[in-house]
Amino acid sequence: MQSLADQLTQLTPEELIQLTSGADFWHSKALPDRHIPNFRMSDGPNGLRYQAGSGDALGINESVISTCFPTASAVACTWDPELISEMGRAIGHEARSLDVDMVLGPGINIKRNPLCGRNFEYFSEDPFLAGMIGAAWIKGLQSTGAAACLKHFAGNNQENDRLLSDSLIDETALHELYLEAFRIAVQTAHPEGIMCSYNKVNGTYASDNSYLLTEVLRHQWDFKGTVVTDWGALNDKVASLNAGGDLEMPSSANMFDPEALKALNAGKLKAAALRRAAGNVIQTAEKKRPAFTGEREALLAEDGRLAQKIEENAAVLLKNDDQILPIRPDQKLLVIGQMAAATRYQGAGSSHINPPEKSTILDGFKKAKMPYDYQPGYAFSRENDDQLAADAVAAAKDAQTVLVVVGLPESAESEGFDRPNMKLPANQNQLIDRLAAVTPNLIVLLVAGAPVELPWRSQVKGLINLYLGGQFVGDAAVNLLTGKANPSGKLAESYPISYQDVASADLYDRNPQSAAYAESVYVGYRYYDKANQPVAFPFGFGLSYTTFQLSDLSLDQSQIQADQALNATVTVTNTGDRDGAEVVEVFVGNSADSPLKPLKELKGFQKVFLKAGQTTSVTITLPAHAFSDWNDQQQAWQLPAAHKTVLVKIGSDQSQLTAPVDVRGQSLPKKELPDWYVNPVGKPTLADFTTMSGLTVQPAITAQPGQYTRLNTPRELGTHSALIRKITSILKNSMTKGIADPESSEAKFMETIVMDTPLIRLAQQSGGKLSLTLVNKLVAIANRHYFKGIFGR
Ligand code: BGC
C-alpha cells in the first residue's frame, strides 16, 4: 500500500482541492480513479440522525430510526464516565450498522448562559466535567471503529446570531473555561474529527482562525485528526485551509474551488496547507472501520434499555421533604399535567432522533401496572386552561398525593434560537400555586433541557429534575418515583433563582455582532460562589433515597511542584437503609482575593455505588495541572506559587472537607485589574471588560441600502426591499414545505436557517440551488442597483 505522502504527490492541485470540499450533504468526496474512498457523516450526539440518501431535502426530522438517549444536559448529571462510554459505544454500533464513518458529536460547549437554545445538547457549565464526560463518550464511540467529531470549536455559546456574532473572550477565560473542555477531550480521547463553529472568536471566524485551529489545536494539543466546518460555517476557503481547516461541509458544489486554485497558483494558498488538509481527509476516509455484524433490531432493543438506565442514573432528586418519595407501588397517585401524557424526551434541531419506541410518564404508570388518576391541568396550546386547572385543583383536594408534571414546551428548546426568558409557561406556574393551596403533598417532575425559574419550589415537597430523558423517560420516571431506581444524578449546572442572577444576564444576546464575555471566568458556580449570590440549587447537588456521609480527608502530600500529582483520599459511608450511589466531588480552592480566580474549581470526581451501611475509601489524583493557571505569554499552563486548598464534598451534602496545599511554582507578575474581576459582585461593565481584556465591543451596525454585502442575511436585506422579502419568502416556503405545524420548533429552526444565514453561506449549503450569481443579484437589488440586479452576474 502506498504511503500517504506518495498518494498526495500523485494528486493534481485540482484533485487536492476537491478533496477538501464535501461531495453532498453528508459525504466527503471520493476520487475513484485514485482509489480514494469517501467517508460518511451523520449527526449525534444523543443518538444517530441518519438521513438516507445524499441530501437534507427530507427536512431535519426525517431520519432512519435509532435509539434516542437522554440529551447531554441529562447525561452529564450521571457524573459517570463509564456509563457514558457505554452510550458512546452504543451509538458507535448503531452508526456502523448503517455504514456511518463519523458521528457529529459530542457537543461540549460551556453553558455560559441558561437561555442558549442548544444547552440541552451541551454537558455542563464546568469544563472539567464536560471534558471528562465528552472524553468518555468519544472513547466509547471510537472503540467501535466509528470516528467522533467533537463540536463546536469554539466560543459558540449562543444560538441567536450564531453565524454573525463575534465572541469576545479574554485569554484567561478562553483557555481556563471555554477551551479547557475541548483540551481534555482531545488529549484524553483523541477524537478523529473536530468541527469548527459558525461564530467569530476575537475578531476571526472559527473556520479561518489559525490561532484556534493550528496554534492551539494542533501545536499545543497535538491534534492529529480532521477539522470539519460546521454545516455552512466556512467563511473563506483559502483563509480556512491556511488556518488549519481541512474539510468544507456540506457540499457547496465546489463553489470556492476555482478561487482556491487561483490562490494556490498565486502562492496565497500555501501548498503545504492544502496537502495537510487533503491528507487528513484521505486518512479519515481510508481508515479501516469494522463492519457491524450483529442484528440491528436486537441492537436497538439493547440500546433502548441502556437509554433508560442512563436516565435513571441522570435524573436529579432536588427535594424530598418528609421523605414524600419514593412512593409505594400500590399508592394511588393523582397525576396532573399535559407533559405527563405528551412527555418531551429530546430537543429540536440537528440532534433530533426518531426512536423505535418511546414511553410517556403515563405509559410508564400503565406498563408498571400502577393505579393513577389523570388530569391534564394545563394545555401547551393554552386553550381551556381555566377549566383544566379548576378540574385538576378539584381532583387534588381529594387526593392523598399529587404528582404534577411540568416543563418547557417543544417549541422552547431548539438549535437555531435562544429562549426569550428563563420561565416556565405561566399557566404551569399558576397551576402549581393553586394546587399548593389545596394540598401539602405535591411532587413535581420537571421536564426541560435547561434551567428554568422554579418560583414554587418551597411549596412542593418532592422535586425530580428529569431533564430531557430519552425515549424511555416514562419508564425511568416511574422507577425513580417508586424507588426501584434510587436517584443518583447530580446537577451539572447551577439553577439560579431568577434570570437576573446570571452574571451575563445584562449582556447576553444584546448585540448581534459583538458578544462580550464580560464576566470572564465567572460563569455558573464560579460566579455565584464568589459573588455570594444564592441559587435555587447549586452545581453538583442531588439527593438520594439513602443518606451518605463523607469523612477523613487526607492528602498524601501537603505541597505540589510542577510535574507532580497529589492524592486526596476520603471515606464515604452509606448511612441509610437502601443501596445507592453518591458522587465525590473534588475542587481546588483559591484565596478570595485572587483576581480572575473563582473560589473553587472542579478538578476531580468519582461516582461510588454503596450498599446500605457500606463504607469505602475513595482516592482521587490531582495532577499539577489542577493547580495551574494559563500563562498567555508562554502560551502554556503554569504552576503558580500560591496557597490553595483541596475541597471535597458529596452531591447530597453541601458541607465540605478541606485541606491546605502549598503550591510551589512561579507566579506571574500581578496585573492591575478592575475590582469586579477580583470581587465579582453585581454585573460586569463593558468598560471594565475592555480594561481587563483589551477587547473592544463594536456597536452593532445595521446596514442600509448601498452597504449590503454577501455577508448580510436575507432578513437584513429584506428590511428595505419588498422584492427581496418576496424572494426570500419563496425560499423559506420551499424549505419548510413538508412541515405540518408552522409553530413547531422544526419550522422555526428552518426559518432561522433561511432568514438569519449570511447569503454566501446559504448559497454554500444549497448544493448549487442558490448560485453565486443569484446571490450577487440579490445583493445588488437590496442595494437598489436594479440594472446590475437584473442583468449583472
Ligand atoms: C449544527 C451541527 C450539525 C450540523 C449537521 C449544524 O446546523 O450546528 O451541530 O452537526 O448542522 O447537521
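Refer to the preceding data block for the structure.
Residues numbered from 1 in each chain as written. Predicted model: local features only at pLDDT ≥ 70, side-chain atom pairs only at ≥ 80, totals over all residues. Heavy atoms only, no water.

Trainee: Just to check I follow, could you spell out the packing of helix α6 (residues 171-178) against helix α7 (residues 180-189) for this structure?
Mentor: Packed helix pairs are specified by the crossing angle of their axes together with the interaxial distance, meaning the distance between the axes. With their axes 5 Å apart at the nearest point, α6 and α7 run at an angle of 45 degrees to one another. Between α6 and α7, the angle is such that the two are oblique. In contact with Leu 174, His 175, Glu 176, Leu 177 and Tyr 178 of α6, α7 contributes Glu 180, Ala 181 and Phe 182. A per-class count over the contact of α6 with α7 returns five nonpolar, one polar and two charged. (Axes fitted to C-alpha atoms, helices over the stretch in contact; angles between N-to-C directions. Helix = DSSP H or I, 4+ residues; strand = E, 2+ residues; numbered from the N terminus. Parallel < 35°, antiparallel > 145°, perpendicular 65-115°, else oblique. Contact = heavy atoms within 4.5 Å. Nonpolar A, V, L, I, M, F, W, Y, C, P; charged D, E, K, R; others polar.)

Trainee: Would you mind going over the site of the ligand with me for this structure?
Mentor: Near the ligand lie 14 residues; those nearest to it are Asp 43, Arg 118, His 152, Asp 230 and Glu 415. Residue Asp 230 places a side-chain N or O atom 2.7 Å away from an oxygen atom belonging to the ligand. Looking at the shell around the ligand, its residues break down into five nonpolar, two polar and seven charged. (Near = heavy atom within 4 Å. Polar contact = N/O pair within 3.5 Å; in protein donor to acceptor, adjacent residues only side chain to side chain.)

Trainee: How should I be thinking about the sheet that holds strand β21 (residues 580-589) in this particular structure?
Mentor: What links the strands of a sheet is backbone hydrogen bonding, and the strands pair in either a parallel or an antiparallel sense. With respect to topology, five strands assemble into an open sheet ordered β19-β27-β26-β21-β22, the strand pairing being mixed. The open sheet has two free edges, formed respectively by β19 (559-560) and β22 (600-610), since each of these has just one partner strand. Where strand β26 (residues 641-650) meets strand β27 (residues 653-664), nine bridges bridge the pair, whose relative direction is antiparallel. Bridged to Val 646 within β27 is Ala 659. (Pairing = 2+ DSSP bridges.)

Trainee: What exactly am I supposed to notice about the sheet that holds strand β2 (residues 102-104) here?
Mentor: Pairing in this open sheet of five strands is parallel, and the strands run β1-β2-β3-β5-β8 from one edge to the other. With partners counted over all chains shown, the strands left at the sheet margins are β1 (41-43) and β8 (226-229), one partner each. Each strand axis lies, on average, 30 degrees off the axis of its neighbour in the sheet, ignoring direction. Bridge count for β1 against β2 is three bridges, and the pairing is parallel. Across the sheet, the residue bridging to Met 41 is Met 102, located in β2. The strands touched by α7 are β3 (147-153) and β5 (193-196); relative to β3, the strand with the most contacts, the crossing angle is about 165 degrees.

Trainee: Help me understand the side chain of Thr 78 in this model?
Mentor: Take Thr 78: it is sitting in the loop between α3 (72-76) and α4 (81-97). Among the residues examined, Thr 78 registers a relative accessible area of 0% and is labelled buried. (Buried < 20%, exposed > 50% of the residue type's maximum accessible area, 1.4 Å probe, protein only.)

Trainee: In this structure, what is going on with the packing of aromatic side chains? I would like to understand it.
Mentor: Two measures describe an aromatic ring pair: the distance that separates the ring centres and the angle between the ring planes. Taken as a whole and assessed by the stated rule, the structure comprises 20 aromatic pairs. Each ring, one from Trp 630 and one from Trp 637, has its centre 6.1 Å from the other, and the planes form 75 degrees; the classification is edge-to-face. By relative accessible area, which is 23% here, Trp 637 ends up partly exposed. Ring pairing ties together the aromatic residues Trp 79, Phe 128, Tyr 525, Phe 539, Phe 587 and Phe 605, which thus form one cluster. The ring centre of Tyr 517 lies 4.0 Å from the NZ or CZ of Arg 112, which sits over that ring. Geometry around Phe 587 places Lys 600 over its ring, the cationic atom sitting 4.9 Å from the centre. (Phe/Tyr/Trp six-rings, centres within 6.5 Å; stacked < 30°, edge-to-face > 60°. Lys NZ or Arg CZ within 6 Å of the ring centre and 35° of its normal.)

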